[in-house]
Amino acid sequence: MHAIEARQLVRKFGEFVAVAGVEFEVLQGEVFGFLGPNGAGKSTTINMLCTMMRPTSGTAVINGHDVVARPDLVRQSIGIIFQDASLDDRLTGLENLRFHAMLYDIPRETFAARSRELLAMVDLTDKAGEQVRTYSGGMKRRLEIARGLLHHPKVLFLDEPTIGLDPQTRRHIWEYLMKLRQQEGVTMFMTTHYMEEAEHCDRIAVIDHGTIVALDTPENLKRLVGGDIITVRTSDNVRAAARLMAAKGADTRPGPDGQLIVETTNGDRFIPVLIEALANDDPPIAVESIGLSRPTLEDVFIKLTGHAIRASEADATQPLRQMARMWTGSRR
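Residues numbered from 1 in each chain as written. Predicted model: local features only at pLDDT ≥ 70, side-chain atom pairs only at ≥ 80, totals over all residues. Heavy atoms only, no water.

### Brief notes about unusual backbone geometry
Among all residues save glycine, negative phi is the norm, and among peptide bonds the norm is trans. For the record, the criterion: For helices the rule is a DSSP run of H or I covering at least 4 residues; for strands it is a run of E covering at least 2, with both sets numbered from the N terminus onward.
Residue Pro-283 is reached from Asp-282 by a cis peptide bond, and omega for that bond is 0°. One can find Pro-283 in the loop between helix H10 (267-279) and strand S14 (287-293). At His-152, a residue that is not glycine, the phi angle is positive and equals roughly 60°. Structurally, the position occupied by His-152 is in the loop between helix H5 (137-149) and strand S7 (155-159).

### Concerning the sheet that holds strand S12 (residues 252-254)
The cut-off we apply is this: A pair of strands is considered paired only if DSSP assigns at least 2 bridges between the two. Fitted lines through C-alpha atoms serve as axes, helices being fitted only where they are in contact, and the angles separating the N-to-C directions of these axes extend from 0 to 180 degrees. Any two residues having at least one pair of non-hydrogen atoms within 4.5 Å are treated as being in contact.
If you walk across this open sheet you meet the four strands as S12-S13-S11-S14, and the pairing is antiparallel. A single partner strand is all that each edge strand has here, and the edge strands are S12 and S14. This sheet shows a mean twist of 25° between the axes of neighbouring strands, independent of strand direction. One ladder, built from six bridges, connects strand S11 (residues 228-234) with S14; its direction is antiparallel. Of the residues in S14, the one forming a bridge with Arg-233 is Ser-289. Against the sheet, helix H11 (residues 297-305) touches S11, S12, strand S13 (260-264) and S14, its axis set at about 85° to S12.

### Remarks on the pattern of salt bridges
So the rule is basically this: Between Lys or Arg on one side and Asp or Glu on the other, a salt bridge is scored when a side-chain nitrogen of the former is within 4 Å of a carboxyl oxygen of the latter. Burial here depends on accessible area, computed with a 1.4 Å probe over protein chains only, as a share of the maximum for the residue type. Under 20% is buried, over 50% is exposed, and the range in between is partly exposed.
Per the stated rule, a full pass over the model turns up 15 salt bridges. Salt-bridge contacts for Arg-294 lead to Asp-228; the nearest nitrogen and oxygen are separated by 2.7 Å. One end of the pair, Arg-294, is in the loop between S14 and H11; the other, Asp-228, is in strand S11, with 66 residues separating them in the sequence. You can call Arg-294 exposed: its relative accessible area is 55%. The partner of Lys-303 in a salt bridge is Glu-263, and the shortest N-O contact between them spans 3.2 Å. Of this pair, Lys-303 sits in helix H11 while Glu-263 sits in strand S13, placing them 40 residues apart in sequence. The class of Lys-303 is partly exposed, set by a relative accessible area of 37%. What emerges from the salt-bridge pattern is a single network uniting Arg-114, Glu-117 and Glu-184.

### Observations regarding the environment of Gln-76
With respect to the helices, strands and loops of the structure, Gln-76 is situated in helix H2 (residues 71-76). In sequence terms Gln-76 and Thr-192 are 116 residues apart; their C-alpha atoms lie 24 Å from each other.

### A look at the nonpolar core
Applied cut-off: Note on terminology: a nonpolar core comprises buried Ala, Val, Leu, Ile, Met, Phe, Trp, Tyr and Cys residues joined through side-chain atoms within 4.5 Å.
By size, the foremost hydrophobic cluster in this structure holds 48 residues, and its most contacted members are Leu-143, Leu-177, Leu-180 and Ile-204. The leading source of residues in this core is H5, at five residues. By size, the runner-up hydrophobic cluster in this structure holds 29 residues, among which are Phe-32, Ala-60, Val-67 and Val-155.

### Describing the packing of H5 against helix H6 (residues 167-184)
Applied cut-off: Note on angle classes: values under 35 degrees are labelled roughly parallel, values over 145 roughly antiparallel, values of 65 to 115 roughly perpendicular, and the remainder oblique. With the far helix as reference, a near helix turned anticlockwise by less than a right angle produces a left-handed crossing, and one turned clockwise produces a right-handed crossing. Charged residues are taken to be Asp, Glu, Lys and Arg, nonpolar residues to be Ala, Val, Leu, Ile, Met, Phe, Trp, Tyr, Cys and Pro, and polar residues to be all remaining types, Gly included.
One can describe the packing of H5 onto H6 by two numbers: an axis separation of 10 Å at closest approach and a directional angle of 20°. Here H5 is positioned roughly parallel relative to H6, judged by the angle of their axes. Regarding H5 and H6, the two cross each other, and that crossing is right-handed. Contact residues: Gly-138, Arg-141, Arg-142, Ile-145 and Leu-149 in H5; Thr-169, Ile-173, Tyr-176, Leu-177 and Leu-180 in H6. Broken down by class, the residue content of the contact of H5 with H6 amounts to six nonpolar, two polar and two charged.

The values reported here are purely geometric and, on their own, carry no functional implication.
Following this line, the structure appears as structure tokens:
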């Protein structure tokens, strides 16, 4: 049985189609990434999976429970780590966990053992009695991870799990997430705009204009680009593209920041050829800047969608954050 199954999932707002029949499965124990530019349908899809929004048509099943027919069982079997802070910083770490346990009717004896186990897993045992207001950003995120796992969810949704954290802390958070995957066997469904974070996923779905345009492993997605990536900025990109095609048969495509992107093998050898071809045009085309790199998920994303993901473009999944306030009532 898959942890998540979506079949022809559609969500309309009047005449506007936000999600246009997406289909995918998430395997049990898998780390699944969901990437898309702002307005692509990413947050709408997640909100349907988390029972915060009813599909217009199609089906979604989480841990064997239909999100429309049995939303109560879906909510009991998932955990969510919100993008925005959702801890009470006037309470201690342990008190924050105890409050969550009360919402899920976790017996006191079970809570005592489970909280000890999770606090040890995220290295917060020594800080459990201190108020959360004294915690660093990384410590708060680790406590939220522990809280999200307190009721033994089978699927953990992570909404931009490390946004706002420095690179070193982000690496540490992912060490904890990989450790809990190993120890808990939990399935993870995550959104992120950090491309290096997406490398942690077993598979990634790229969504654009309400449709999944690619779904594969990070390595297979990068093979869609192939070769090396040359990024060049010239005095006249239109003429440069035509010149490179006519002189060298090189396909180019526009980049998101006004540059040209060339995909080629042996990029280090092609750069001098490219510069010479542009210099020999009449009049010469000036090369203002040039760079060479191996394909990344960012390159894949740009090729598939024409967009570059930046922090300002990240789809914030606002309704997900409201779930913390609605959780108790919605479980009834």
